[in-house]
Amino acid sequence: MTPTSRRSPDDFSSVLRRARRGDERAWDTLYRWLAPDILGFLRGCRCPDPEDVLGDVFLDVARGIGGFKGDAPGLRAWTFTIARSRRVDAVRRLSRRHG
């Protein structure tokens, strides 16, 4: 389930507000909403170590969530932007090792 499917904007706002305060259950909800699609994206573009990169993506989301302003589709887009950047980083690291 994604943040936009079968969820009201109030549900998303509540989860986002709680995540910003560090609520573990809210983070679990955000992870369940976003991680499967992000991991699929990383695997689909043949990212090295996609599970590790997924962890890095969510660390970046956790660090930046306080400054995020937007709705559920905006959070999804922002998270995918982070995932694309982390994928590029992972590919560069791999190419340096095998360079």
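Note that the coordinates shown come from a computational prediction; the quantities given were computed from them, not determined experimentally. (Residues numbered from 1 in each chain as written. Predicted model: local features only at pLDDT ≥ 70, side-chain atom pairs only at ≥ 80, totals over all residues. Heavy atoms only, no water.)

Undergrad: How do you make sense of the packing of helix α3 (residues 50-64) against helix α4 (residues 72-98) when you look at a structure like this?
TA: Packed helices, taken two at a time, are described by the angle between their axes plus the distance between the axes. At their nearest, the axes of α3 and α4 sit 9 Å apart, and the two run at 130° to each other. In terms of orientation, α3 and α4 fall into the oblique class. Seen from above, α3 lies across α4 with right-handed handedness. Of the residues in α4, those in contact with Val-53, Asp-56, Val-57, Asp-60, Val-61 and Gly-64 of α3 are Trp-78, Thr-79, Ile-82, Ala-83, Arg-86, Arg-87 and Ala-90. Split into classes, the residues belonging to the contact of α3 with α4 amount to 7 nonpolar, 2 polar and 4 charged. (Axes fitted to C-alpha atoms, helices over the stretch in contact; angles between N-to-C directions. Helix = DSSP H or I, 4+ residues; strand = E, 2+ residues; numbered from the N terminus. Parallel < 35°, antiparallel > 145°, perpendicular 65-115°, else oblique. Left-handed = near helix turned anticlockwise from the far one by under 90°. Contact = heavy atoms within 4.5 Å. Nonpolar A, V, L, I, M, F, W, Y, C, P; charged D, E, K, R; others polar.)

Undergrad: In this structure, what is going on with helix α2 (residues 24-44)? I would like to understand it.
TA: In an α-helix, one turn spans 3.6 residues; hence positions three or four apart end up facing the same way. End to end, α2 covers 29 Å across 21 residues, agreeing with the expected 30 Å (1.5 Å per residue, within 8%). Maximal helix bending in α2 amounts to about 40°, located at Leu-34; proline Pro-36 follows within four positions. By the burial criterion, the buried members of α2 are Ala-26, Trp-27, Thr-29, Leu-30, Trp-33, Leu-34, Ala-35, Ile-38, Leu-39 and Leu-42. In this structure, the buried side of α2 is in contact with α1 (9-20), α3 and α4. Residue Asp-23 occupies the N-cap position of α2, its side-chain oxygen lying 2.9 Å from the main-chain nitrogen of Arg-25. Positioned one or two residues after α2, Arg-46 has a phi angle of 55°, which is positive. (Expected span 1.5 Å × (residues − 1). Bend = angle between axes of the 7 residues up to and from the residue. Buried < 20%, exposed > 50% of the residue type's maximum accessible area, 1.4 Å probe, protein only. Polar contact = N/O pair within 3.5 Å; in protein donor to acceptor, adjacent residues only side chain to side chain.)

Undergrad: Is there a simple way to explain α1 in this structure?
TA: Taking 1.5 Å per residue, 12 residues should reach 16 Å; α1 reaches 16 Å between its end C-alpha atoms and fits that length. For α1, the set of buried residues is Phe-12, Val-15, Leu-16 and Ala-19. Summarising the axial view, the buried residues of α1 lie within an arc of 100°, below the 170-degree limit, and thus occupy one face. Where the residues of α1 are buried, they touch α2 and α4. Just beyond α1, the residue with positive phi is Gly-22, at close to 90°. (Arc of directions from axis to C-beta.)

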